[in-house]
Amino acid sequence: MRILVTGGTGQLGGAVVARLRAAEDDEVRVLSRRAGPDVVRGDLRTGRGIDSAVSGVDVVVHCATDFRHETAIARTLIEAARWAGGPHLLYVSIVGVDRVPLGYYRTKHETEQVLAASGLPVTILRATQFHALVRTLFAGASRLPVLPVPRFSFQPVDVRDVAERLADLALGDPAGRVDDFGGPEILSAAELAQAVAEASGRPRRIVPLSVPGEIFRAYAGGGHLAPDHRDGKITFARYLAELADPGVLRYRKR
Ligand SMILES: NC(=O)c1ccc[n+]([C@@H]2O[C@H](COP(=O)([O-])OP(=O)(O)OC[C@H]3O[C@@H](n4cnc5c(N)ncnc54)[C@H](OP(=O)(O)O)[C@@H]3O)[C@@H](O)[C@H]2O)c1
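The text that follows walks through the structure, step by step, so that each part is easy to find. (Residues numbered from 1 in each chain as written. Predicted model: local features only at pLDDT ≥ 70, side-chain atom pairs only at ≥ 80, totals over all residues. Heavy atoms only, no water.)

### A few points about the sheet that holds strand E9 (residues 176–177)
Step number 1: Across the sheet, which stays open at both edges, the seven strands sit in the order E3-E2-E1-E4-E5-E6-E9 with parallel pairing between neighbours. Unpaired on one side and paired on the other, strand E3 (39–41) and E9 mark the two borders of the sheet.
Step number 2: Pairing of strand E4 (residues 59–62) with strand E5 (residues 88–94), which is carried by four bridges, proceeds in the parallel orientation. Its bridge partner lying in E5, His62 is registered against Tyr91.
Step number 3: Strands in contact with helix H4 (residues 103–116) are E5 and strand E6 (122–127); relative to E5, the strand with the most contacts, it is inclined by about 155 degrees. (Pairing = 2+ DSSP bridges. Helix = DSSP H or I, 4+ residues; strand = E, 2+ residues; numbered from the N terminus. Contact = heavy atoms within 4.5 Å. Axes fitted to C-alpha atoms, helices over the stretch in contact; angles between N-to-C directions.)

### Structural notes on the pattern of salt bridges
Step number 1: Evaluation of the coordinates by the stated rule reveals eleven salt bridges.
Step number 2: One salt bridge connects Arg238 with Glu242, and the closest N-O pair in it is separated by 3.0 Å. Linking Arg238 with Glu242, this pair stays in helix H9 (residues 236–243), spanning four residues, or about one helical turn.
Step number 3: Overall, the relative accessible area of 41% leaves Arg238 in the partly exposed class.
Step number 4: The class for Glu242 is buried, based on a relative accessible area of 9%.
Step number 5: Members of the salt-bridge network, linked through shared partners, are Asp158, Arg160, Arg238 and Glu242. (Salt bridge = Lys/Arg side-chain N within 4 Å of Asp/Glu carboxyl O. Buried < 20%, exposed > 50% of the residue type's maximum accessible area, 1.4 Å probe, protein only.)

### Quick look at the site of the ligand
Step number 1: Around the ligand, 25 residues are found, and the nearest of them are Thr9, Leu12, Ser32, Tyr104 and Lys108.
Step number 2: The separation between an oxygen atom of the ligand and a polar main-chain atom of Gly7 is 3.4 Å.
Step number 3: At 3.5 Å from an oxygen atom of the ligand is found a main-chain nitrogen or oxygen belonging to Val92.
Step number 4: In the complex, the protein chains occlude 87% of the 920 Å² of accessible area that the ligand would expose alone.
Step number 5: Applying the majority rule of atoms within 2 Å of the grid points places the ligand in the largest pocket.
Step number 6: Elements that contribute at least two residues to the shell around the ligand include exactly helix H1 (11–23), E5 and H4.
Step number 7: Of all the elements, E5 adds the most residues to the shell around the ligand, at three residues.
Step number 8: The residue makeup of the shell around the ligand, split by class, is ten nonpolar, ten polar and five charged. (Near = heavy atom within 4 Å. Polar contact = N/O pair within 3.5 Å; in protein donor to acceptor, adjacent residues only side chain to side chain. Areas by Shrake-Rupley, 256 points an atom, 1.4 Å probe, with all protein chains shown as cover. 1 Å grid on protein atoms, 1.4 Å probe; cavity = no way out; pocket = protein on both sides within 12 Å on 5 of 7 lines; lining within 4 Å. Sits in = over half its atoms within 2 Å of the grid points. Nonpolar A, V, L, I, M, F, W, Y, C, P; charged D, E, K, R; others polar.)

### What to know about helix H5 (residues 131–139)
Two residues of an α-helix separated by three or four positions point the same way, owing to the 3.6 residues in each turn.
Step number 1: All of the buried residues along H5 are His131, Val134 and Phe138. One side of H5 holds all its buried residues, which, seen down the axis, span an arc of 70 degrees. (Arc of directions from axis to C-beta.)

### Considering the environment of Arg29
Step number 1: Tracing the backbone shows Arg29 in strand E2 (residues 27–32).
Step number 2: Once the C-alpha coordinates of Arg29 and Gly8 are considered, the two residues, 21 residues apart in sequence, prove to be 8.4 Å apart.
Step number 3: The residues touching Arg29, leaving out its near neighbours within four places in the chain, are Arg2, Ile3, Leu4, Val5, Val40, Ser52, Ala53, Val54, Ser55 and Val57.

### Quick look at the layout of surface pockets
Step number 1: Its volume calculated, the largest pocket comes out at about 1,200 Å³.
Step number 2: Contributing elements (two or more residues each) for the lining of the largest pocket: H1, E2, E5, H4 and H5.
Step number 3: Residues of the lining of the largest pocket, tallied by class, amount to 22 nonpolar, 13 polar and seven charged. (Points joined across faces, edges and corners; volume = space filled by probe spheres on them.)

And the structure:
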């Protein structure tokens, strides 16, 4: 199979490329706006280089993302895919894009719908928050002795686990929207913040807070969680331990 990974230089896309290349059965192309080894250059915003990047591929794993132009870049990809004879398009979305009223989530949901209506063979996988995002949320302001955190939970997932699922989906038949993919544990923001503080050697007092507003309500109601899909195997604690040991964390990006 010939597989194009958009966003293959990013967090998740990098893990997908590593996973697919380890199997050595398939030809894996990486799309990037920048020149680099084993990279096909192209820009989904301008469309430059996209037709040739998509030409001849059987599957596109679409991990590229653009906060402000998420749907537009998907439309560019769809157009190129039509010209290229209709490869299988696999899109990565986020659990709760239709429940949490964030602008980025709305555009991800709209993109899911555009892909589903494209007439092309598609698969859509929604994942919960990646470990790195959750760590970044709670590593901020690390000099402060007190850290306010929202009074709700996360289900962090490791990009290597999501990449494994995506690689399986890429080698299978188009399946439309598939079951959500969540991390192995649901932990309160306070527990996660505590773990980040301990891993950084800066213990802090964690103060859970409720915040008014519909976004907070949606998170507090678990709109971003997939309790029935604790599919990932790599826990947040293991991720943090690996971060502290650079010898182990070979998948870490730039
Ligand atoms: N972070 C999370 O917690 C989370 C959770 C669930 C789902 N997701 C979804 O997972 C996907 C991957 O997220 P990520 O955090 O791995 O992303 P990331 O690390 O920020 O990587 C973004 C990628 O998009 C590419 N890109 C951006 N604009 C582009 C353009 N105009 N043309 C071509 N490529 C472009 C970049 O490639 P170059 O810079 O090399 O061009 C880069 O490789 C996203 O769809 C995201 O919504 C994320």
